[in-house]
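# Coordinates in review
Each chain, letter by letter, is given below.
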Amino acid sequence: ANLRAACVAEMAKRARDDEPTAAAAAGGAAAGAAENELYARMKASSPFFVFAGPCVVESEAHAFEMCQRVKRIGEDVGVTIVYKSSYDKANRTSGASYRGPGIDEGLAILGRCKERFGMPIITDVHDAGQCAKAAAVVDVLQIPAFLCRQTDLLVAAAKTGKTINIKKGQFAAASTMVHAARKVIDNGNNNVCLCERGTFFGYGDLVVDPRNLVWMREAGVPVVQDVTHAVQQPGGAAGGAATGGRRDLIPTIARAAVAVGVDGLFFETHDNPSKALSDGPNSWPVQSFDMLLRELVDIANASRGRRDASLSAAIAAAADVAADGGGGDDGTS
């Protein structure tokens, strides 16, 4: 028992020694520019906020329909929703695939969605030259996973003052994402989220490691689970010319994320996923979106995952119990 108490106490000491990493990240954010209004609202959203909408702008009529439906769902369920859609998908598998209407027409459509429905908007940016133009219309700039280490892009996005959602690369460790967040924060913008979207598992599949949702908290910023891209199967459709996906596993990934504890969720949702012009196989039917969100709210409210975020606090508590001679086994198991 004494040996066990000593071991737990040593683990607690090591955890406390590691705390400056997270404290420095959070402290650096506190020392920079003020949070914008949307970012503050997202952070305060309970039990989580949501990015949701179709992968790409297909037409103005479709964007209006989807924005209106997503807004209504957020109001009915009682969660903060930011409408998501892209003016250009620059990373499609095949050059023959639909990319979107382009930056000018796409931003114009997204701007009219924002004006008509009063919804904040998130969209992707792919190079530094797009950031200021997109920021003049939308509220959140998203850094695609493949570009999460591109310093010039992160700095340009930071300088807009908008909220920045950085996707974790499918190749990246959670620890590297702390540095991606710092590139934004160190350029005067504290409005940063880090987003898990799965890790390469062989050539044509992804796996979600829920530990990343905990480890990325070390950056001191909100952590988001991209639920729908996490079920993609890269190159898994059309003989390798398109990305496949396991739509049936979307609820599984979402349930796990809210149980672990996340600040936000990301969904691509569509009124007819089988006919979607991009990412149909991993899009969730908007007709079932409100039912899924209600279940996730219940799970999140039942879990202590988001509140009990500190590993060091848990280990320290275990050390206190051990020091008091309580708990534990008899050494025979």
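Reference entry: report on the structure contained in this document. (Residues numbered from 1 in each chain as written. Predicted model: local features only at pLDDT ≥ 70, side-chain atom pairs only at ≥ 80, totals over all residues. Heavy atoms only, no water.)

### Some thoughts on the nonpolar core
In terms of nonpolar packing, the biggest core is built from 82 residues, with Phe 48, Ile 166, Phe 267 and Leu 293 touching the most fellow members. Apart from residues lying up to four places away in sequence, Ile 166 is in contact with Ile 143, Cys 148, Leu 154, Met 177, Ala 180, Ala 181, Val 184, Val 192, Cys 193, Leu 194 and Cys 195. (Core = buried A, V, L, I, M, F, W, Y, C linked by side-chain atoms within 4.5 Å. Buried < 20%, exposed > 50% of the residue type's maximum accessible area, 1.4 Å probe, protein only. Contact = heavy atoms within 4.5 Å.)

### Topic: a nonpolar patch on the surface
Nonpolar side chains collect at one region of the surface, where Phe 146, Phe 171 and Phe 200 lie side by side and expose about 300 Å² of accessible area between them. The topology assignment puts Phe 171 in the loop between strand E5 (163-167) and helix H7 (174-185). The class of Phe 171 is partly exposed, set by a relative accessible area of 43%. (Patch = residues over 30% accessible without salt bridge, like charges linked within 9 Å, V, L, I, M, F, W, Y side chains within 5 Å. Areas by Shrake-Rupley, 256 points an atom, 1.4 Å probe, with all protein chains shown as cover. Salt bridge = Lys/Arg side-chain N within 4 Å of Asp/Glu carboxyl O. Helix = DSSP H or I, 4+ residues; strand = E, 2+ residues; numbered from the N terminus.)

### Overview of the packing of aromatic side chains
One pass over the full model with this rule turns up 3 aromatic pairs. Taking the centre distance of 5.1 Å and the plane angle of 70 degrees together, the rings of Phe 267 and Phe 289 count as edge-to-face. A residue pair is termed long-range when its members are at least 10 positions apart, and Phe 267 in strand E12 (residues 264-270) and Phe 289 in helix H10 (residues 289-302) qualify at 22 residues. Accessibility expressed as a relative area gives 0% for Phe 267, which makes it buried. Note on Phe 289: relative accessible area 0%, which makes it buried. (Phe/Tyr/Trp six-rings, centres within 6.5 Å; stacked < 30°, edge-to-face > 60°.)

### Quick notes on the environment of Pro 101
Examined against the element boundaries, Pro 101 turns out to sit in the loop between strand E2 (81-84) and helix H4 (103-117). Using a relative accessible area of 24% as the deciding quantity, one classes Pro 101 as partly exposed. Sequence separation between Pro 101 and Ser 86 is 15 residues; the distance between their C-alpha atoms is 9.1 Å. Among residues more than four places away in sequence, those in contact with Pro 101 are Val 57, Tyr 87 and Gly 106.

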